[in-house]
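One-letter residues, chain by chain:
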Amino acid sequence: MYIYIMKSERIQQDIMKILSSPFLKKEDIVPILKMETKEEMEALQSLAMKVKQKEVGRVVYFRGLVEFSNVCRKNCFYCGLRKDNKAVNRFRLNEEEILHAAAFAYQNRYGSLVLQSGENQSEEHIDFVCRIVQQIKSKFDLGITLSCGEQTEETYRRFFESGAHRYLLRIETSSPQLYRKWHPDDRMHRFETRLNCLGVLKKIGFQVGSGSMVGVPFQTYEDIAGDILFLRDMEIDMMGIGPFIEHSNTPFHQLNAYSIPQAERLDVTLRMIAVLRILLKDVNIASTTAMQVLDRFGREKGFLFGANVIMPNLTPSIYRKDYQLYENKPCLDEDATQCNNCLEVRIASVGETIGYGEWGDPLHFFRRVNSSPL
Ligand code: SAH
Ligand code: SF4
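**As for the side chain of Asn313**
At step 1: Within the secondary structure layout, Asn313 lies in the loop between β10 (309-310) and α13 (317-320).
At step 2: Its relative accessible area of 13% is what places Asn313 among the buried residues.
At step 3: Separated by 2.7 Å, the side chains of Asn313 and Thr315 make a polar contact.

**Re the site of ligand 2**
At step 1: In the region of ligand 2, the neighbouring residues are Cys72, Lys74, Cys76, Tyr78, Cys79, Arg82 and Gly118.
At step 2: The residue inventory of the shell around ligand 2, partitioned by class, reads four nonpolar, one polar and two charged.

**Digging into the site of ligand 1**
At step 1: Tyr78, Arg170, Glu172, Arg194 and Ile245 are the nearest of the 18 residues found near ligand 1.
At step 2: At 2.9 Å, a side-chain N or O of Arg170 approaches an oxygen atom of ligand 1.
At step 3: Contact between ligand 1 and Glu172: an oxygen atom at 2.6 Å from a side-chain N or O atom of the residue.
At step 4: Protein chains shield 92% of the accessible area of ligand 1, which is 550 Å² for the free molecule.
At step 5: The class makeup of the residues in the shell around ligand 1 is nine nonpolar, five polar and four charged.

**Topic: the nonpolar core**
At step 1: Counting residues in hydrophobic clusters, the biggest one holds 108 residues, and the most contacted among them are Leu115, Ile136, Leu146 and Tyr156.
At step 2: With 11 residues, the single largest contributor to this core is helix α10 (residues 262-280).
At step 3: If near-sequence neighbours (up to four positions away) are discounted, Tyr156 is found in contact with Gly149, Glu150, Gln151, Tyr167, Leu169, Cys197, Val200, Leu201, Ile204 and Phe206.
At step 4: Judged by nonpolar contacts, the second largest core, of seven residues, contains Tyr61, Leu65, Val114 and Val309.

**Quick look at the side chain of Ser162**
At step 1: As for its placement among the helices and strands, Ser162 is situated in helix α6 (residues 153-162).
At step 2: Of the residues examined, Ser162 reaches a relative accessible area of 9% and is grouped as buried.
At step 3: Engagement of the side chain of Ser162 in a polar contact is seen with the backbone oxygen of Arg158, the distance being 2.7 Å.
At step 4: In this view, Ser162 contacts Cys130, Val133, Gln134 and Lys137; residues no more than four positions away in its chain are not counted.

**What about the environment of Met311?**
At step 1: One can find Met311 in the loop between β10 and α13.
At step 2: Along the chain, Met311 and Leu113 lie 198 residues apart, while their C-alpha atoms are 8.5 Å from each other.
At step 3: In contact with Met311, other than residues within four places in its own chain, are Arg63, Leu65, Val114, Leu168 and Ala286.

**Concerning the pairing of strand β1 (residues 59-69)**
At step 1: The element β1 is largely enclosed, with a buried count of 11 among its 11 residues.
At step 2: As judged from the two bridges shared by β1 and strand β11 (residues 353-354), these two strands associate in the parallel manner. In the strand pairing of β11, Val60 is matched with Ile354.
At step 3: Sheet topology places β1 next to strand β2 (residues 112-117); six bridges connect them, and they run parallel. Counted as the bridge partner of Leu65 is Val114 from β2.

**Some points on the pairing of strand β3 (residues 143-147)**
At step 1: Of all five residues in β3, five are buried; the element is thus mostly enclosed.
At step 2: The side-chain alternation of β3 yields two buried faces, one formed by Gly143, Thr145 and Ser147 and the other by Ile144 and Leu146.
At step 3: Across five bridges, β2 lies against β3 in parallel orientation. Residue pairing in the sheet places Gln116 in a bridge with Ser147 of β3.
At step 4: Viewed along the sheet, the connection from β2 through helix α5 (residues 123-139) into β3 turns out right-handed.
At step 5: The pairing of β3 with strand β4 (residues 166-168) spans two bridges and is parallel. Residue pairing in the sheet places Leu146 in a bridge with Tyr167 of β4.
At step 6: Tracing the backbone out of β3, into α6 and back to the parallel element β4 gives a crossover that is right-handed.

What counts and how
Residues numbered from 1 in each chain as written. Chains lettered and ligands numbered in written order. Predicted model: local features only at pLDDT ≥ 70, side-chain atom pairs only at ≥ 80, totals over all residues. Heavy atoms only, no water. Helix = DSSP H or I, 4+ residues; strand = E, 2+ residues; numbered from the N terminus. Buried < 20%, exposed > 50% of the residue type's maximum accessible area, 1.4 Å probe, protein only. Polar contact = N/O pair within 3.5 Å; in protein donor to acceptor, adjacent residues only side chain to side chain. Near = heavy atom within 4 Å. Nonpolar A, V, L, I, M, F, W, Y, C, P; charged D, E, K, R; others polar. Areas by Shrake-Rupley, 256 points an atom, 1.4 Å probe, with all protein chains shown as cover. Core = buried A, V, L, I, M, F, W, Y, C linked by side-chain atoms within 4.5 Å. Contact = heavy atoms within 4.5 Å. Pairing = 2+ DSSP bridges. Right-handed = clockwise from strand over helix to strand, strands pointing away.

It is worth stressing that arrangement in space is one thing and function is another; only the former is reported here.
Here it is as structure tokens:
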């Protein structure tokens, strides 16, 4: 036992030494992303937990997720909602359905709501989103996060002025070359546009979330290490990362030979979460639903490796089958009440408490804004 503890301490010291270097490079992070022995995994987890406890506490914040429309103009090669997937029935929730979900979140003391949709830049859709955000804000004390893809600066400003104060836009990959392989080569799918959107969101004053997928075809460990450095350098406040999961109606179905095997993707994601927690300290990190697809306890493991946010699904169950970014999405036929009870038990089972009724804003944002020269 004593030898075991000594060994764990040594591994933790090694990780700390690597990650605290001011000259940290991708190549230095790769061996951590590949740590696979039980001892290494446990050491990484212990270290991430220590940092989490100190920086943000062992509290998990709820953001009720409302997937309010699957209409999307894009054709990302990995995603089941891509425009060319004609097998999907396209829908948009009406105002009443969204307000009902918001009321549920509020009554159950979720501090925040995430409204997510496919990418739709039509004036009518933008007006709808602004109206909904205003209505929710006028009725309930909830923090609102939007995740509606790339939009113009003017639209982002309108979203912000309507009352949304957080925005999620994953960069997907920080490698422009890889981005090109994952998307059609046209004006609608440009790495530079996505990158620019993140800058605009920060400038407007949003708390900004971003992240990437793990195990998408052609991605290497070095690319994933690059994503970590990207999130650090872009001063992102909220991390949303998750394993890639195949969808049969997409071009990236059955490209297994070119991917980190599915069986390894959860562990790599957990190690990435741990590295992000140790390196970036006071950010919020989501334990994403895709992690639960690969392991029944994937999200609980996420908390043990440093995550502190969960997004219980509040989308009415009749729509869920048509909002499948990937297949085998869990809880397709559960309603919000069932989810709620199940989650409470799951979170308590790993020793975390729930930040009921709190917005749970990322501390990183306040540090970033207060230290900004502006
Ligand atoms: N349309 C918006 C928001 C919805 S998509 C946008 O693209 O930003 C939300 C996220 O789902 C994407 O950012 C992507 O990282 C993730 N996603 C899409 N397809 C996936 C797949 N097959 N496996 C895992 N995650 C996927
Ligand atoms: Fe549309 Fe987002 Fe899916 Fe791309 S990832 S196809 S933008 S929903």
